[in-house]
Amino acid sequence: QVQLVESGGGLVQPGGSLRLACAASGFTFSDYAMSWYRQATGKERELVARITSDGGSRNYADSVKGRFTISRDNARNTVYLQMNSLKPEDTGVYYCNVKILIKLGDLRNYWGQGTQVTVSS
């Protein structure tokens, strides 16, 4: 079965950096685009960054452009999110996501358990 396991969250001061990792299993990792989402308390989950299956194209939310970098290692079945110049508004639970087309008309979202990122002095 599909499993996504995030790691790397924690407490960091404003201006600091963190690197999140998501280890994937249960599907052919190199065939699928991967995404990072986040959810702050009381807010809806939002897309932070997405990377295509071969890593050739990356997209970011406007709020993180120039500060966050998504990357992947298809040999290790892992996707990363390097977060620099962190701000208090980056606080939230960060989730790894993959969308897999099971059959025509059946696109499934898979999520990890999430990792907490807190930016505070």
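Residues numbered from 1 in each chain as written. Predicted model: local features only at pLDDT ≥ 70, side-chain atom pairs only at ≥ 80, totals over all residues. Heavy atoms only, no water.

### A short note on the overall build of the protein chain
Scanning the protein chain from terminus to terminus reveals 0 helices and 11 strands. Listing the helices and strands of the protein chain from first to last along the sequence gives β-β-β-β-β-β-β-β-β-β-β. In terms of overall dimensions, the protein chain is globule-like: its C-alpha atoms have a radius of gyration of 14 Å, near the 14 Å expected for 121 residues. Each principal axis of the C-alpha distribution contributes one length, and for the protein chain these read about 45 × 30 × 25 Å. The buried share of the protein chain, taken over its 121 residues, is 39%. Within the protein chain, contacts between residues separated by at least 24 positions form 52% of all contacts whose residues are at least 6 apart in sequence. Counting only carbon and sulfur atoms, one obtains 45% of the accessible surface of the protein chain, whose full area is about 6600 Å². (Helix = DSSP H or I, 4+ residues; strand = E, 2+ residues; numbered from the N terminus. Rg over C-alpha atoms; globule rule 2.2 N^0.38 Å. Buried < 20%, exposed > 50% of the residue type's maximum accessible area, 1.4 Å probe, protein only. Contact = heavy atoms within 4.5 Å. Areas by Shrake-Rupley, 256 points an atom, 1.4 Å probe, with all protein chains shown as cover.)

### Some remarks on the side chain of Ser35
Its place among the elements puts Ser35 in strand 4 (residues 34–39). Residue class for Ser35 comes out buried when judged on its relative accessible area of 5%. When residues no more than four places from it in sequence are discounted, the contact partners of Ser35 are Leu47, Ala49, Arg50, Tyr95, Cys96 and Asn97.

### Comments concerning the pairing of strand 3 (residues 18–25)
Two strands pair when backbone bridges link them, and strand 1 (residues 3–7) and strand 3 are joined in this way by 5 bridges, in the antiparallel orientation. Looking at the pairing, Ser7 lines up with Ala21 of strand 3. Relative to strand 8 (residues 78–83), strand 3 runs antiparallel, the two being bridged by 6 bridges. Residue pairing in the sheet places Ala23 in a bridge with Thr78 of strand 8. (Pairing = 2+ DSSP bridges.)

### Digging into the layout of surface pockets
Approximately 190 Å³ is the volume attributed to the largest pocket. Along its surface, the largest pocket is lined by Arg38, Gln39, Ala40, Lys43, Glu44, Glu46, Ser63, Arg67, Lys87, Glu89, Asp90 and Thr91. Residues of the lining of the largest pocket, tallied by class, amount to 1 nonpolar, 3 polar and 8 charged. (1 Å grid on protein atoms, 1.4 Å probe; cavity = no way out; pocket = protein on both sides within 12 Å on 5 of 7 lines; lining within 4 Å. Points joined across faces, edges and corners; volume = space filled by probe spheres on them. Nonpolar A, V, L, I, M, F, W, Y, C, P; charged D, E, K, R; others polar.)

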